[in-house]
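Residues per chain, in single letters:
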Amino acid sequence: MTTRPPDAPAPDTAPRADGQSPEQAGLKAGLKNRHLSMIAIGGVIGAGLFVGSASGIAAAGPGILLSYALVAALVVFVMRMLGEMAAAYPTSGSFSAYADRALGRWAGFSIGWLYWFFWVVVLAVEATAGAVILEGWVPAVPQWAWALIVMVVLTATNLISVGSFGEFEFWFAGIKVVAIAGFILLGVLAIFGVLPGTDHAATGFGNLTEHGGFLPNGSGAILTGILLVVFSFMGSEIVTLAAAESPDARRAVAKATRSVIWRVGVFYIGSILVVVALLPWNDPAIEKKGSYVAALDSIGIPHAGEIMNFIVLTAVLSCLNSGLYTASRMAFSLGQRGDAPRSFVRTNARGVPQPAILASVAFGFVAVAFNYLWPDTVFQFLLNSSGAVALFVWLVICFSQLRMRGIILRENPEKLVVRMWLFPYLTWVTIAMISFVLVYMLTDDKEGGGRSQVLLSLLVAALVIAIALVRERRRPESAKDAVAP
């Protein structure tokens with residue numbers, strides 16, 4: 001049974017005529033349909049796809065396609081569950097608010113703060129990655145200054161209005177989408193030997209089996225590949241937070257949820273298929289240059305490295321922009337539920353939660369400083385202790401949906417416009433898949449590997465849950481009688 005403190009009454013989650021819930025009254029419905037469409041598409045295309053796929057190919061060979069397919073299925077199932085809840089009750093707190101309702105206040109508090117922590121650490125990672133690229137272009141400006149510049153610019157973008165965030169994200173995501181679509185088109189033409197102006201020999205799909213077979217390193221390499229690629233899919237859930245600031249949140253969530261299958265299929269599996277079909281999986285150029293650059297070089301695309309650096313920079317800036325937005329809206333939702341300072345709920349005249357944005361970026365700036373001052377100690381701890389949080393989020397979404405289905409059917413069955421397939425069996429299958437990934441990570445004992453990420457993330461999670469339980473016990477009895485609707 002969910003309880004709330006006296007100063008944080010249970011929000012009325014019935015949507016208004018504009019499609020938003022009353023909980024969002026302080027926010028503005030400033031995101032247009034085209035913004036949400038691109039956020040939905042771009043949310044699954046992170047910098048990890050461009051820079052992390054080479055290690056996965058080296059580990060699993062062409063079998064990395066199976067690793068991507070399994071993780072893609074996992075993402076599709078999780079997004080379907082989240083879409084079911086978000087279409088019924090759109091809110092900027094998304095899965096944190098649903099965990100609060102379905103599992104208890106301790107769950108909403110814990111996963112909300114863990115998710116916020118995950119994204120503010122990502123801010124530092126992406127700011128540093130962007131600064132490395134920019135310093136390579138303009139070495140006169142030091143790396144720390146570039147990191148500061150991109151953080152300040154994107155903070156200003158988020159502070160202006162949610163519409164300005166949406167506009168920046170629209171163009172960032174658009175560049176990524178056009179780049180991958182162009183890459184797939186050029187690659188397919190080259191694979192079949194019909195690309196004009198290139199001497200690349202037609203290979204068909206022979207490279208998938210001709211260099212040691214489809215699984216040259218054995219079937220176990222598929223699991224290793226999963227560990228290497230799973231984190232490049234993080235961010236697909238952002239659209240369910242952003243939809244709460246759109247004119248028709250329920251329709252936006254339903255559309256984004258239904259399109260996730262082709263999005264991950266085309267952009268992830270499709271582009272990786274092109275790479276391993278164009279080049280032998282063990283070509284040294286893949287690890288040396290990166291998978292996409294090596295593929296473009298192989299078909300004679302000039303300045304492939306510079307082109308890819310620009311695309312990676314775009315992906316980094318997109319991740320920064322979305323990360324700051326996501327962290328601030330989660331802080332806003334936690335404030336509304338009495339689980340964060342009430343100042344986080346304050347919005348300015350443009351409907352922007354300014355204190356929540358500034359608090360999030362402040363921690364991001366501190367993390368950037370740690371990255372420059374103590375990269376191998378403090379910052380490495382931050383990285384490892386947030387490394388498995390995204391998988392925890394997926395687990396919480398699954399368990400929340402198991403209970404929220406009954407709540408929706410009991411209270412507002414007409415809101416069940418998106419349904420999880422084969423409920424509850426496929427939900428339990430997804431829980432088993434995520435749990436297996438977490439357990440398998442424990443076998444990765446190299447420095448900074450999966451074991452340290454899981455153990456440190458569990459340590460941080462245990463600390464946050466302990467704080468949540470202590471807060472619950474210290475809450476006045478009168479507050480514990482306040483039951484959420």
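The structure this text deals with has already been given above.
Residues numbered from 1 in each chain as written. Predicted model: local features only at pLDDT ≥ 70, side-chain atom pairs only at ≥ 80, totals over all residues. Heavy atoms only, no water.

(A) The overall build of the chain, seen in detail. When helices and strands are counted, the chain shows 19 helices and zero strands. Its C-alpha atoms give the chain a radius of gyration of 22 Å, near enough to 23 Å, the size a compact globule of 485 residues would have. Seen along its three principal axes, the alpha-carbon backbone of the chain occupies a region of about 75 × 55 × 45 Å. Counting all 485 residues of the chain, 58% fall into the buried class. Of the side chains in the chain, 33 bear a positive and 29 a negative charge, and the two mean positions are spaced by 10 Å. (Helix = DSSP H or I, 4+ residues; strand = E, 2+ residues; numbered from the N terminus. Rg over C-alpha atoms; globule rule 2.2 N^0.38 Å. Buried < 20%, exposed > 50% of the residue type's maximum accessible area, 1.4 Å probe, protein only. Lys, Arg positive; Asp, Glu negative; His and termini not counted. Charge placed at Lys NZ, Arg CZ, Asp CG, Glu CD.)

(B) Geometry of the side chain of Ser 94. Take Ser 94: it is sitting in helix H4 (residues 94–102). Each residue touching Ser 94, except ones within four places of it in the same chain, is listed here: Leu 82, Thr 240 and Leu 241. (Contact = heavy atoms within 4.5 Å.)

(C) Molecular detail of the environment of Asn 371. On the secondary structure map, Asn 371 appears in helix H14 (residues 354–373). Judged by relative accessible area, Asn 371 falls into the buried class, the value being 14%. Measuring from C-alpha to C-alpha, the distance between Asn 371 and Met 151 comes to 14 Å, with 220 residues separating the pair along the chain. In this structure, Asn 371 is in contact with Ala 124, Thr 128 and Phe 379, ignoring residues within four places of it in sequence.

(D) View of helix H16 (residues 389–411). Compared with an ideal rise of 1.5 Å per residue, which puts 23 residues at 33 Å, H16 spans 31 Å between its outermost C-alpha atoms and is within 8% of the ideal. Along H16, the helix axis deviates most sharply at Arg 403, where the bend reaches about 30 degrees. Counting buried positions along H16 yields 17 of 23 residues, so the element is predominantly enclosed. (Expected span 1.5 Å × (residues − 1). Bend = angle between axes of the 7 residues up to and from the residue.)

(E) Layout of the packing of helix H2 (residues 47–60) against helix H10 (residues 249–278). Close contact between H2 and H10 brings their axes to 12 Å; oriented N to C, the two are set at 55 degrees. Relative to H10, H2 is oriented oblique. Considering only the axes of H2 and H10, their crossing is right-handed. Residues Leu 49, Ser 53 and Ile 57 of H2 form the contact with H10, whose participating residues are Phe 267, Tyr 268, Ser 271, Ile 272, Val 275 and Val 276. A breakdown of the residues in the contact of H2 with H10 according to their chemical character gives seven nonpolar, two polar and no charged. (Axes fitted to C-alpha atoms, helices over the stretch in contact; angles between N-to-C directions. Parallel < 35°, antiparallel > 145°, perpendicular 65-115°, else oblique. Left-handed = near helix turned anticlockwise from the far one by under 90°. Nonpolar A, V, L, I, M, F, W, Y, C, P; charged D, E, K, R; others polar.)

(F) Representation of the environment of Ser 53. For Ser 53, the location among the structural elements is in helix H2. Sequence-distant contacts of Ser 53, that is, excluding residues within four places in its chain, are made with Gly 48, Tyr 68, Ile 272, Ser 291 and Tyr 292. Within polar-contact distance, the side chain of Ser 53 engages the side chain of Ser 291 at 2.5 Å. (Polar contact = N/O pair within 3.5 Å; in protein donor to acceptor, adjacent residues only side chain to side chain.)

(G) Here's a closer look at helix H6 (residues 143–160). The end-to-end C-alpha separation of H6 is 26 Å, in line with the 26 Å expected for 18 residues at 1.5 Å each. Within the sequence span of H6, burial applies to Ala 145, Trp 146, Ala 147, Val 150, Met 151, Leu 154, Thr 155, Thr 157, Asn 158 and Leu 159. Considering only its buried residues, H6 is in contact with helix H5 (105–137), helix H7 (162–191), helix H13 (304–336) and H14.

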